[in-house]
Amino acid sequence: MENKIFKLIKKKEILKLLESLTKEYNIFVPIEDNGDARFSEFKSGQDIYWDYRNTKISPKEILFPQAETLFCFGPEAEVKSEEPASGGKGYLIFGIRPCDAKAISLLDKVFGGEDFEDPYYLERRKKTTVISLACNKPQIDCFCTSLNGKPDNEEGADVILFDLGEDILAGAVTKKGEKFIEKQNKWFEDAGQSDVAKKDKIMDLSLKKIKSQIDIQNIKERLDNDFTASFWDEIHQKCLGCGICTYFCPTCHCFDITDEINPKAADSKTPKGKRVRCWDSCMYPLFTLHASGHNPRPTYKERMRQRIMHKFNYCPENYSEIFCVGCGRCVRNCPVNIDLREMLISIESTK
Amino acid sequence: MIEKIKETVKKLFKENKIDIFIGYNEGTLPLRSTPCFITKPEDIEKLVWNSYCSNNLAVYLPRFFVPQQGAKDAKLPRIGILAKGCDGRSIVGLIKEHQIPRENIYIIGIHCGGMIDTKKIKKVDIVAAEEKNDKVLVEDEDKRKVELKKEELLADMCKTCQYTAPVVYDILLGKEKQKTSKEDREAFIKEFEKKPLEERWKYFQEQISKCIRCNACRQACPNCYCKECFADQTKPKWIGPTNDISDVMFYQIGRIFHQAGRCVDCGACVRACPMDVDLRVFTYKLIKDVKEFFEYEAGVSLEENPPLATFKQDDKQEFITEP
């Protein structure tokens, strides 16, 4: 960080820069959508929603879409893998928040880890450049600092940007990011010391705005022996069993695979079916329903326990990382105000 | 008001009339209260009553009476519940559909002045809020305070409430609140009905395409107690799992039509929806149709037969024989 070389670019110039990259990349930027922010493909002449707090739906949907066709099949039709929609172009995820960038680095461990490689995810991921935008205005339910994050956290990003008002300060994080800036050098100018000082001041202020702090340093060890603890009987009680917390979570990655049949296929050469994978949620009873009719997680209690254990115990065990980045989406959107922070505090404080 | 509620609940526990009480606690976010389940009398002090107690608590009742749970002769719990007008109507529906035994439910009815729709104050980033009579005082990050009129923040379904208190209850607390007429409540749907078919269809598609199939609308609805929803069934599979508009539409049409003659317009689905899908325009259309065709309103009487669960010999049948 100390020796980072910063570059400066005008906000207006960024739009031109992105415009010039549309042939090379599928570019995703935050835009305003029904009063909220959402990542969407950058279109010529479109503005970026610079002041967005964070997107409602996390940008994981770019690399891990809610529904994805894996391949098509039919009696005589060739089994055909779906080409990723990029048409050979790269992916540029522009302006995602540091918590969500970190979440991508966590998804990488699942989909591109030592044990399993997910070709569909990796196909996109390998071609992806992540440009994050540091947080100037965290929300009241943001708690990234409790999970080793901060408004200018760099994990998962190739380049990190800072919004200084009129200008954007850019710093490379990875080799890929360095190359990216180098290649686009004509758009940038060297940043002065005052620009960097301005950035530091903004980041200091931003960090101070994150007031929600929970101590969960020992949560993994705590949960090691707590599978049958009594707090599980209580913390699930008001859960409605919807999928909001998991669908909105930038690190939740469970999916379901089904075959969709198209009975209207005109002839035997036309694919009669396709295999699709969709987001699934451990909060749904169907998630673990066996073909026999038995369900090992029959009630809300077991399902809530699974969600917490997966994020705060199993993932630390398997990937040495807590699978929560403190983005606050589950807290913000829960219809009955189940607050993950409160749950973790109650787990930590139960004897 | 809250003191009266606490007093009543304390009495119920003391007289051993209930095992569990379902009410509201203070939430963790401004303008939010959160459902709570009280089994220990000392937790009664934490109960709150304000204009953010918007969740329909009736949704929690059926799960206590699932027949498969526990042994055959397991003692069914006696549940006390705080019920606004709409919650009360949901409870009536559940009793009529034999999901909960009336004798096991102690209904503390409350005259409700309507609940705030926090989505109506999006422009201010609220960090704190306080309710004072008919005003709501909100504070933003820079400690700027803004005073808002509660009346202007009321949720759409609350603005024109016809049933501000439950019709079936064991005790009713509070002062009677002003009700609106059926005509006022229907006004928005009458406007919508006037639009040409293409426009209505387009609106439906627009709204439905926002849906991400998180099932929050279904899960928040007291009427959606099916052990396995048609949308989740795999044998046979009725519906694809994707978020393509055809799958989403099938899900929503199925879900909404299952509410015909049962929906009490509490708004639980609308409030739960994280994508702001305008579900009410569709559910309310069915409410209005059921009222017009069968002169029936859901959740207002324990005796009246639900029209879609009733058969009369002189019922019109042409729609079956000559579609």
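### Here we look at the overall build of chain B
Here is step 1 of the chain: Scanning chain B for helices and strands turns up 11 helices and 8 strands.
Here is step 2 of the chain: Taking 323 residues into account, the globule formula puts the C-alpha radius of gyration at 20 Å, and chain B, at 21 Å, falls close to it.
Here is step 3 of the chain: Considering only C-alpha atoms, chain B reaches an extent of 60 × 55 × 40 Å along its principal axes.
Here is step 4 of the chain: Within the span of chain B, comprising 323 residues, buried residues form 37% of the whole.
Here is step 5 of the chain: Residue pairs in contact within chain B that sit at least 24 positions apart in sequence constitute 70% of those at least 6 positions apart.

### Brief notes about the overall build of chain A
Here is step 1 of the chain: Secondary structure summary: chain A contains 12 helices and 12 strands in total.
Here is step 2 of the chain: Radius of gyration (C-alpha) of chain A: 22 Å, near the 20 Å computed for a compact globule of 351 residues.
Here is step 3 of the chain: When each of the 351 residues of chain A is scored for burial, the buried share is 39%.
Here is step 4 of the chain: Taking all contacts inside chain A whose residues are at least 6 apart in sequence as the whole, residues at least 24 apart take part in 72%.

### Observations regarding the sheet that holds strand S2 (residues 33–38) of chain B
Residue and element names in this part refer to chain B.
Here is step 1 of the chain: The sheet built from 5 strands is open, its strands ordered S2-S1-S3-S4-S8 with mixed pairing. The sheet is open, and its two edges are formed by S2 and strand S8 (171–173), each paired on a single side. Pairwise comparison of adjacent strand axes, ignoring direction, gives a mean angle of 30° for this sheet.
Here is step 2 of the chain: Relative to S2, strand S1 (residues 20–26) runs antiparallel, the two sharing 6 bridges. Across the sheet, the residue bridging to Tyr24 is Pro35, located in S2.
Here is step 3 of the chain: The strands that helix H2 (residues 85–96) touches are strand S3 (79–83) and strand S4 (105–110); relative to S4, the one it contacts most, it runs at about 155°.

### Some remarks on the domain arrangement of chain A
Residue and element names in this part refer to chain A.
Here is step 1 of the chain: The domains assigned to chain A are domain 1 (6–209) and domain 2 (219–349).
Here is step 2 of the chain: Computed from C-alpha coordinates alone, the two centres of domain 1 and domain 2 are separated by 25 Å.
Here is step 3 of the chain: Residue-level contacts link 34 residues of domain 1 with 31 residues of domain 2.
Here is step 4 of the chain: Looking at which element gives the most residues to the side of domain 1 that touches domain 2, the answer is helix H3 (residues 98–111), with 8 residues.
Here is step 5 of the chain: Of the residues assigned to the side of domain 1 that touches domain 2, the class counts are 18 nonpolar, 8 polar and 8 charged.

### Notes on the domain arrangement of chain B
Residues and elements named next belong to chain B.
Here is step 1 of the chain: Along its sequence, chain B is carved into domain 1 (2–117 + 154–321) and domain 2 (118–153).
Here is step 2 of the chain: Each of domain 1 and domain 2 has a C-alpha centre, and these two points are 27 Å apart.
Here is step 3 of the chain: Contact residues are listed per partner, giving 8 residues for domain 1 and 12 residues for domain 2.
Here is step 4 of the chain: Split into classes, the residues belonging to the side of domain 1 that touches domain 2 amount to 4 nonpolar, 2 polar and 2 charged.

### Notes on unusual backbone geometry
Residues and elements named next belong to chain B.
Here is step 1 of the chain: Omega for the bond connecting Lys235 with Pro236 falls within 30 degrees of zero, at 0°, which places this linkage in the cis form.
Here is step 2 of the chain: Looking at the secondary structure, you find Pro236 in the loop between helix H7 (216–220) and helix H8 (245–257).
Here is step 3 of the chain: The backbone of Asn133 shows a phi angle near 50°, a positive value even though the residue is not glycine.
Here is step 4 of the chain: Mapped onto the secondary structure, Asn133 falls in the loop between strand S5 (126–132) and strand S6 (135–140).
Here is step 5 of the chain: Since 6 C-beta atoms lie within 10 Å of it, Asn133 is described here as exposed.

### A word on the environment of Gly93 of chain B
Residues and elements named next belong to chain B.
Here is step 1 of the chain: Structurally, Gly93 is set in helix H2.
Here is step 2 of the chain: Residue classification places Gly93 among the buried residues on the basis of 23 C-beta atoms within 10 Å.
Here is step 3 of the chain: Along the primary structure Gly93 and Gly299 are separated by 206 residues, whereas in three dimensions their C-alpha atoms are 5.1 Å apart.
Here is step 4 of the chain: Residue contacts for Gly93: discarding those within four places in its chain leaves Asn223, Arg262, Val264, Ala298 and Gly299.

### A few points about the nonpolar core
Here is step 1 of the chain: The biggest cluster of nonpolar side chains holds 150 residues, and the ones touching the most others in it are Val159 and Leu161 of chain A together with Leu61, Ile81, Leu82, Ala220 and Cys269 of chain B.
Here is step 2 of the chain: Counting residues per element, this core draws most heavily on H3 of chain A, which supplies 6 residues.

### Considerations on the interface of chain A and chain B
Here is step 1 of the chain: Between chain A and chain B, the contact holds 27 residues from the first and 28 residues from the second.
Here is step 2 of the chain: Put simply, the parts of the chain that give the side of chain A that touches chain B at least two residues each are helix H9 (244–248), strand S11 (255–261) and strand S12 (273–279) of chain A.
Here is step 3 of the chain: At 3 residues, the largest contribution of residues to the side of chain A that touches chain B is made by S11 of chain A.
Here is step 4 of the chain: The class makeup of the residues in the side of chain A that touches chain B is 11 nonpolar, 9 polar and 7 charged.

### Looking at helix H6 (residues 197–208) of chain B
Here is step 1 of the chain: Between the first and last C-alpha of H6 of chain B there are 16 Å, a value that for 12 residues agrees with the 16 Å anticipated at 1.5 Å per step.
Here is step 2 of the chain: Buried residues are scarce in H6 of chain B, accounting for 1 of its 12 residues.

### A word on the environment of Asn215 of chain B
Here is step 1 of the chain: Note on placement: Asn215 of chain B falls in the loop between H6 and H7.
Here is step 2 of the chain: Residue contacts for Asn215 of chain B: discarding those within four places in its chain leaves Cys242 and Gly243 of chain A.

### Looking at the sheet that holds S5 of chain B
Two pairing modes exist for strands in a sheet, parallel and antiparallel, and in both the strands are linked by backbone hydrogen bonds.
All names here are of chain B.
Here is step 1 of the chain: With antiparallel pairing, the 3 strands of this open sheet are ordered in space as S5-S6-S7. Each edge of the sheet is formed by a strand with only one pairing partner; in this case those strands are S5 and strand S7 (145–149). Adjacent strand axes in the sheet meet at a mean angle of 25°, parallel and antiparallel pairs treated alike.
Here is step 2 of the chain: Pairing of S6 with S7, which is carried by 5 bridges, proceeds in the antiparallel orientation. Looking across to S7, one finds that Glu139 is bridged to Lys145.

The rules behind the values
- Residues numbered from 1 in each chain as written.
- Chains lettered and ligands numbered in written order.
- Predicted model: local features only at pLDDT ≥ 70, side-chain atom pairs only at ≥ 80, totals over all residues.
- Helix = DSSP H or I, 4+ residues; strand = E, 2+ residues; numbered from the N terminus.
- Rg over C-alpha atoms; globule rule 2.2 N^0.38 Å.
- Buried ≥ 20, exposed ≤ 12 C-beta atoms within 10 Å, placed from the backbone.
- Contact = placed C-beta atoms within 7 Å.
- Pairing = 2+ DSSP bridges.
- Axes fitted to C-alpha atoms, helices over the stretch in contact; angles between N-to-C directions.
- Domains from an automatic or database assignment.
- Nonpolar A, V, L, I, M, F, W, Y, C, P; charged D, E, K, R; others polar.
- Core = buried A, V, L, I, M, F, W, Y, C linked by C-beta atoms within 7 Å.
- Expected span 1.5 Å × (residues − 1).

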